[in-house]
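The chain contents come next:
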Amino acid sequence: MEQLALIVPGMWADHHVIAVRGLFRDAEDIQVTGASAMDATLCLEYDPATTDPQKIAAQLEQAGYAVGEAADAANSPTDKPEWLTAGVRVTATDPADLTMSGDHRKY
Amino acid sequence: MSRYIATRAIRGAQGMVREAEEAVNAALVELGPDAPVAFTNTAYYLPVIYAFTGEKVEKLGDLPAIIERAKNLLHPVPSNNMWLPYLGETLDSGIATLFAEEAMEGARFARGTEPQVIKLDHARADGARFTGGDLGVHGDKMKLNGPIDDIQLRAWGIQLVDGRMPGFCAIVGCAKSNEVAVKIVRELQSRGILIFLSGNVNGRSIIHQLQEEGIQLGYDTFTVPFGIDTISAVYALGFAARSALTFGGMDAGNARKIMLYNKYRVFAFVLALGEVDDLKYATAAGAISFGFPTIADTRIPQILPTGVTTYEHVVSMPFDEIPGADDMERTEKLIQRCMEVRGVKVKIAKVPIPVSYGSAFEGERIRKDIMYAEFGGKRSNAFEFLRMKPADEVEDGKITVSGTDIDGMEEGGALPLGMVVDVSGRKMQTDFEPILERQFHYFINGVEGIQHNGQRDIAWTRISKSTFGKGFRLEHFGKVIHARIHEVFGNIVDKVQVHLTTDQAEVDELIEVARVAYAERNERIANLTDESVDTFYSCLLCQSFAPNHVCVINPERVGLCGAYNWLDCKASYEINPTGPNQPVAKGLVIDAEKGEFSGPNEYIYQNSNQAVERVTLYSIMEAPLTSCGCFEAIMVLVPEANGFMIVSREDPSMTPCGMTFSTLAGTAGGGMQTPGMMGMGKYYLTSKKFISADGGMKRIVWLSSNLRESMRPALQEVCEREGMPDLLDKIADETVATTVEDLLPFLEEKGHPALTMDPLF
């Protein structure tokens with residue numbers, strides 16, 4: 001068996017981990033050895049006689065989990081910036097924040 | 001404020017809102033906008049959304065507007081070069097996350113994929129995977145609980161207010177090992193903390209770990225598996241939101257008040273086990289908005305200043321770095337730290353026995369296949385008897401056992417058991433004997449691996465193999481009783497001695513002595529009437545949740561939670577003179593028929609924050625008692641039938657007034673006084689003073705069938721006392737009428753007396 005580590009940005013929360021692990025649950029030639037939603041990393045072992053990294057990546061992509069690069073925790077994601085159109089961007093901190101009262105928030 | 005946490009939480013919120021929108025849109029295409037969206041048996045719709053916005057989500061078509069609200073709460077991820085406090089943005093994102101998670105769960109319910117059914121990779125071969133409530137294990141699959149229903153929320157009400165259940169812990173993720181997972185749960189259970197389970201790490205959840213170890217999950221053991229993803233953790237916040245609506249009388253849509261209510265009254269916290277991903281940060285931000293801190297067993301940034309939470313917001317305790325001899329000791333310190341961070345005040349019963357002890361074990365079921373031995377039940381007789389004795393006849397701490405002990409029994413065996421408890425104390429009274437004795441059920445059930453049912457001469461106790469294996473023997477029952485009586489009734493009891501016997505001849509001899517005492521007590525209680533006393537008692541226990549609620553408990557009326565009667569309150573006052581049960585002088589009789597007295601009027605006005613000016617004890621139509629949230633049943637006027645209907649807390653069915661119990665309870669609860677509608681303890685039905693000013697039992701036109709059947713002998717006595725032996729069968733239930741249109745023909749056919757009684761108004 002060969003080892004493989006992939007970055008799967010779509011696996012950013014634990015329900016995605018379940019989904020990704022589920023993809024390979026019944027595969028005889030692929031064994032998931034680790035799936036981390038914290039750093040979007042998928043580690044697996046595969047049988048090179050029957051599959052390869054490209055096929056695995058294609059299988060992931062078909063399920064909506066394309067292999068890619070991890071988002072840096074410090075970088076702003078730019079793929080779906082709903083906040084740009086929502087018209088509520090806050091650029092100044094309300095002083096009430098400092099008291100952490102929560103009163104300024106709007107529900 | 002940690003920029004890292006803000007970034008993770010805001011990014012997680014953005015992702016969750018995006019995914020919820022996709023899920024809702026897909027469900028709309030597939031099922032249509034009118035597809036119903038409803039959590040299990042709740043009157044609070046999608047509770048977080050309802051509590052914060054007042055929006056009643058009932059169908060898929062209602063969800064897009066919620067998604068838009070969530071979007072409007074999103075903020076940009078902090079930039080690299082502009083460092084701000086971020087707190088408000090992060091908290092907003094947390095709430096957006098909760099909205100999105102609840103919308104996602106709503107869509108799942110519409111599709112029928114919630115509650116989750118999970119596959120157990122390591123299913124136990126012995127089938128010893130016990131569950132409570134609706135949980136079910138079938139082969140290698142297990143149906144999880146999903147959200148807690150309103151019935152259970154209210155059933156836990158009295159435990160929440162009297163301190164037996166000091167708070168709840170939402171565990172998200174997976175523990176270091178199965179052993180640690182069990183220890184975490186045991187530590188929390190021994191403190192009476194309600195435990196909600198969700199989330200996973202690397203596909204593995206603490207739910208899997210506990211299942212593999214055969215730990216009982218479900219309502220009965222305070223350990224509720226929501227789901228194996230973090231999205232299901234929103235059910236914990238839904239529980240908190242409903243606490244404010246149910247017990248606090250808060251109005252839906254008043255987000256600020258609801259959050260403050262939770263901060264100051266609901267002692268909850270999040271325990272994140274294992275790695276913390278973006279969604280876990282985002283959900284934790286939502287929890288922090290409620291005032292609930294997060295403690296992680298991994299290395300993450302901390303937020304230590306106080307503010308939105310009472311103490312720290314986020315605390316990191318990397319598990320392997322916790323000082324301790326082994327993982328068990330490290331777990332103890334982790335849980336202790338959780339208590340400190342949330343400021344949970346826990347009353348731990350110190351009982352010298354070889355197994356854990358706590359109210360979370362009260363609901364354990366010991367089935368035959370895990371039972372080592374039993375006393376009472378079908379195979380033997382058993383009784384419990386407490387009596388007051390002169391001080392010189394009681395030796396404190398003396399525990400004697402005669403006959404065969406548990407280790408002399410064969411596995412699966414049964415023996416008779418007599419337990420005679422002698423107590424003495426300067427303030428002890430004969431009236432208190434049955435009150436103390438009745439507590440044996442709770443005292444003994446608090447032992448891990450013991451199931452106790454019944455009382456007096458119908459007691460039935462089972463001991464699990466595991467508890468026997470840890471060294472539990474008969475003398476430990478005595479130690480439990482001794483320790484708990486001193487702890488709970490220390491003000492009235494000075495000395496306690498316990499004698500246990502499994503010798504059949506001795507049991508048969510002592511049981512007759514006990515039966516004489518039981519008969520005397522029955523007679524004494526039967527003669528206790530409102531007229532025979534000059535003092536009633538208050539119960540303000542529920543004011544911790546419903547600040548304007550005041551129970552006035554008279555001899556002929558049990559508290560509406562069903563847990564406190566007049567004698568209980570009297571004893572409680574003797575035990576704790578400044579406690580929640582205070583004497584209320586009857587004062588002048590204002591209206592004897594309706595039960596209006598000057599004393600209760602003055603008391604209730606002063607203690608309801610001047611919200612309630614007067615109260616009548618025998619009428620529901622004029623100034624009835626206020627209702628908190630943990631009442632056993634609710635009585636409601638049915639004007640068309642000139643009578644009342646009574647719905648029990650356990651009855652989820654529709655009623656003739658067009659509302660289920662949950663909806664009705666939401667209307668009357670929270671400390672409100674609502675003429676024509678009133679919470680009640682179910683045994684109030686058997687009182688001679690039961691709405692005597694309004695016509696008593698003859699006014700009952702509809703009664704939940706489970707209430708009628710479970711109380712049939714006692715209710716039959718009432719009917720005979722009222723001169724109508726066949727009255728019970730003239731009362732409708734949910735099997736014959738769930739609308740007024742069905743109800744009226746039934747009453748007419750049966751000739752129900754309410755139809756010909758004087759008009760109620």
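Residues numbered from 1 in each chain as written. Chains lettered and ligands numbered in written order. Predicted model: local features only at pLDDT ≥ 70, side-chain atom pairs only at ≥ 80, totals over all residues.

Peer 1: Can you walk me through the overall build of chain A in this structure?
Peer 2: A tally of regular secondary structure across chain A gives 4 helices and 3 strands. Going residue by residue from the N terminus, the α and β elements of chain A occur as β-α-β-β-α-α-α. Looking at the 107 residues of chain A, the share that counts as buried comes to 26%. Sequence separation of 24 or more characterises 55% of the internal contacts of chain A that already satisfy a separation of 6 or more. (Helix = DSSP H or I, 4+ residues; strand = E, 2+ residues; numbered from the N terminus. Buried ≥ 20, exposed ≤ 12 C-beta atoms within 10 Å, placed from the backbone. Contact = placed C-beta atoms within 7 Å.)

Peer 1: What should I look at first to understand the overall build of chain B in this one?
Peer 2: Assigned secondary structure in chain B consists of 23 helices and 26 strands. By the compact-globule yardstick of 27 Å for 761 residues, chain B fits well, its C-alpha radius of gyration being 27 Å. Each of the 761 residues in chain B was classed as buried or not, and the buried ones make up 57%. Here the analysis covers contacts within chain B between residues at least 6 apart in sequence; of these, 76% occur between residues at least 24 apart. (Rg over C-alpha atoms; globule rule 2.2 N^0.38 Å.)

Peer 1: I'm lost on the packing of helix H4 (residues 87-111) of chain B against helix H9 (residues 234-246) of chain B in this one. Help?
Peer 2: In a pair of packed helices, the angle between the axes and the distance between the axes together describe the arrangement. Residues and elements named next belong to chain B. Direction vectors running N to C along H4 and H9 enclose 105 degrees, while the axes themselves pass 10 Å from each other. Here H4 lies roughly perpendicular to H9, going by the angle between them. Counting all contacts with H4, which are made through Leu-98, Glu-101, Glu-102 and Glu-105, the residues of H9 involved are Val-234, Leu-237 and Gly-238. Partitioned by chemical class, the residues of the contact of H4 with H9 number 3 nonpolar, 1 polar and 3 charged. (Axes fitted to C-alpha atoms, helices over the stretch in contact; angles between N-to-C directions. Parallel < 35°, antiparallel > 145°, perpendicular 65-115°, else oblique. Nonpolar A, V, L, I, M, F, W, Y, C, P; charged D, E, K, R; others polar.)

Peer 1: Could you clarify how one ought to interpret the environment of Asp-39 of chain A in this entry?
Peer 2: Residue and element names in this part refer to chain A. Among the secondary structure elements, Asp-39 is positioned in the loop between strand S2 (30-36) and strand S3 (41-46). Accessibility expressed as a C-beta count within 10 Å gives 13 for Asp-39, which makes it partly exposed. The spacing of Asp-39 and Ala-13 is 26 residues in sequence and 9.7 Å in space, taken between C-alpha atoms.

Peer 1: Would you explain the domain arrangement of chain B in this entry?
Peer 2: Quite often, the size of an interface is put as the accessible area lost when its parts meet. Residues and elements named next belong to chain B. According to the domain assignment, chain B contains domain 1 (3-111), domain 2 (117-342), domain 3 (359-377 + 387-512) and domain 4 (530-756). Each of domain 2 and domain 4 was reduced to a C-alpha centroid, and the two centroids are 35 Å apart. Each partner contributes residues to the interface: domain 2 has 15 residues there, and domain 4 has 20 residues. When residues of the side of domain 2 that touches domain 4 are assigned to their parent elements, the largest contribution, 5 residues, is made by helix H6 (residues 157-162). Tallied by class, the residues present in the side of domain 2 that touches domain 4 amount to 7 nonpolar, 4 polar and 4 charged. (Domains from an automatic or database assignment.)

Peer 1: Is there a simple way to explain unusual backbone geometry in this structure?
Peer 2: In most cases, non-glycine residues show a negative phi, while peptide bonds are predominantly trans. In the segment running from Glu-114 of chain B into Pro-115 of chain B, the intervening peptide bond is cis, with an omega of -10 degrees. As for its placement among the helices and strands, Pro-115 of chain B is situated in the loop between H4 and strand S1 (117-119). One non-glycine residue, Ala-40 of chain A, lies in positive phi territory at about 55 degrees. Exposure remark for Ala-40 of chain A: the 26 C-beta atoms within 10 Å place this residue in the buried category. The phi dihedral of Arg-456 of chain B falls on the positive side, at around 45 degrees, and the residue is not glycine.

Peer 1: Would you mind going over the pairing of strand S14 (residues 417-424) of chain B with me for this structure?
Peer 2: The two faces of a sheet get side chains in turn, since along a regular strand they alternate between them. All names here are of chain B. The element S14 is extensively covered by neighbouring structure, given that 7 of its 8 residues are classed as buried. By the bridge criterion, 7 bridges tie strand S11 (residues 382-388) to S14 in an arrangement that is parallel. When the sheet's bridge partners are listed, Phe-385 is paired in S14 with Val-420. Strand direction decides the pairing type here: S14 and strand S17 (residues 495-501), joined by 7 bridges, are antiparallel. Its bridge partner lying in S17, Ser-424 is registered against Lys-495. (Pairing = 2+ DSSP bridges.)

Peer 1: What is the right way to read the packing of H4 of chain B against helix H11 (residues 278-289) of chain B from this model?
Peer 2: Residues and elements named next belong to chain B. In the contact formed by H4 and H11, the axes pass within 7 Å of each other and the chain directions differ by 105 degrees. Considering the angle they form, H4 stands roughly perpendicular to H11. Note on element contacts: H11 touches H4 through Ala-282, Thr-283, Ala-285, Gly-286, Ile-288 and Ser-289, opposite Thr-90, Leu-91, Ser-93, Gly-94, Ile-95, Thr-97, Leu-98 and Glu-101. Taken together, the residues of the contact of H4 with H11 break down into 6 nonpolar, 7 polar and 1 charged.

Peer 1: Help me understand the environment of Thr-310 of chain B in this model?
Peer 2: All names here are of chain B. Within the secondary structure, Thr-310 is located in the loop between strand S8 (294-296) and strand S9 (314-316). Spatially, the C-alpha atoms of Thr-310 and Val-48 are 21 Å apart, while their sequence positions differ by 262 residues. Beyond its immediate chain neighbours, meaning those up to four positions away, Thr-310 contacts Lys-263, Gly-291 and Gly-343.

Peer 1: How should I be thinking about the confidence of the model for chain A in this particular structure?
Peer 2: Low-pLDDT portions of the prediction should not be read for the details of their coordinates. Residue and element names in this part refer to chain A. On average, residues of chain A score 76 in pLDDT, and 64% of them reach the 70 mark or higher. Within chain A, the lowest mean pLDDT, 39, falls on helix H3 (residues 82-86), and the highest, 96, falls on helix H1 (residues 14-23). Scored below 50 in pLDDT, residues 96-107 makes 25 contacts in the model with residues more than four places away or belonging to other chains. (pLDDT = per-residue confidence, 0-100.)

Peer 1: Any chance you could explain the sheet that holds strand S12 (residues 399-402) of chain B here in plain terms?
Peer 2: Strand-to-strand pairing in sheets goes through backbone hydrogen bonds, with the strands running parallel or antiparallel. Residue and element names in this part refer to chain B. Sheet architecture is open: 4 strands sit in the order S11-S14-S17-S12, paired in mixed fashion. The open sheet has two edge strands, S11 and S12, and neither has a second partner. Each strand of the sheet is rotated relative to its neighbour by a mean of 10 degrees, with strand direction disregarded. Contacts from helix H16 (residues 474-489) reach S12, S14 and S17, with the element oriented near 155 degrees to S17.

Peer 1: Looking at this structure, I do not really get the nonpolar core. What am I missing?
Peer 2: Inside soluble globular proteins, nonpolar side chains tend to come together where they are buried. All names here are of chain B. Ranked by size, the top nonpolar core spans 268 residues in total, and within it Ile-195 and Val-701 carry the most contacts. Considering every element that reaches this core, the biggest residue donor is H4, with 12 residues. Every residue in contact with Val-701, bar those within four places of it in the chain, is listed here: Val-638, Ala-641, Gly-643, Phe-644, Met-645, Ile-731, Ala-732, Leu-743, Leu-747, His-752 and Ala-754. (Core = buried A, V, L, I, M, F, W, Y, C linked by C-beta atoms within 7 Å.)

Peer 1: What is the right way to read the sheet that holds strand S19 (residues 551-553) of chain B from this model?
Peer 2: Residues and elements named next belong to chain B. One open sheet holds the 3 strands; their spatial order is S19-S18-S20, and the pairing between them is antiparallel. Sheet topology places S19 and strand S20 (583-585) at the edges, where each strand pairs with a single neighbour. In this sheet, adjacent strand axes meet at a mean angle of 40 degrees when their direction is disregarded. Sitting on the sheet, helix H18 (residues 566-575) is in contact with strand S18 (535-539), S19 and S20, with an inclination near 80 degrees to S18. Along the sheet, helix H19 (residues 598-607) contacts S18, S19 and S20; its crossing angle with S20, the most-contacted strand, is approximately 130 degrees.

Peer 1: What is the right way to read H9 of chain B from this model?
Peer 2: Each full turn of the α-helix corresponds to 3.6 residues, which orients residues three or four apart in the same direction. Compared with the 18 Å implied by 1.5 Å per residue over 13 residues, the 18 Å span of H9 of chain B between its first and last C-alpha is a close match. Burial of H9 of chain B is extensive: 13 of the 13 residues sit out of reach of the surface. (Expected span 1.5 Å × (residues − 1).)

Peer 1: Which parts of the structure should I look at to understand the confidence of the model for chain B?
Peer 2: Residues and elements named next belong to chain B. Averaged over every residue, the pLDDT of chain B is 90; residues scoring 70 or more account for 96%. Under a pLDDT of 50 for its full length, residues 123-134 has, in the predicted model, 26 contacts with residues more than four places off or in other chains. Across the assembled chains, the prediction reports ipTM 0.73 with pTM 0.74.

Peer 1: Sorry if this is basic, but what is going on with the environment of Ala-284 of chain B here?
Peer 2: Residues and elements named next belong to chain B. Note that Ala-284 resides in helix H11. Sequence-wise, Ala-284 and Glu-632 are 348 residues apart; in three dimensions their C-alpha atoms are separated by 34 Å. Among all residues touching Ala-284, those that are not within four sequence positions of it are Val-270, Ala-272 and Thr-294.

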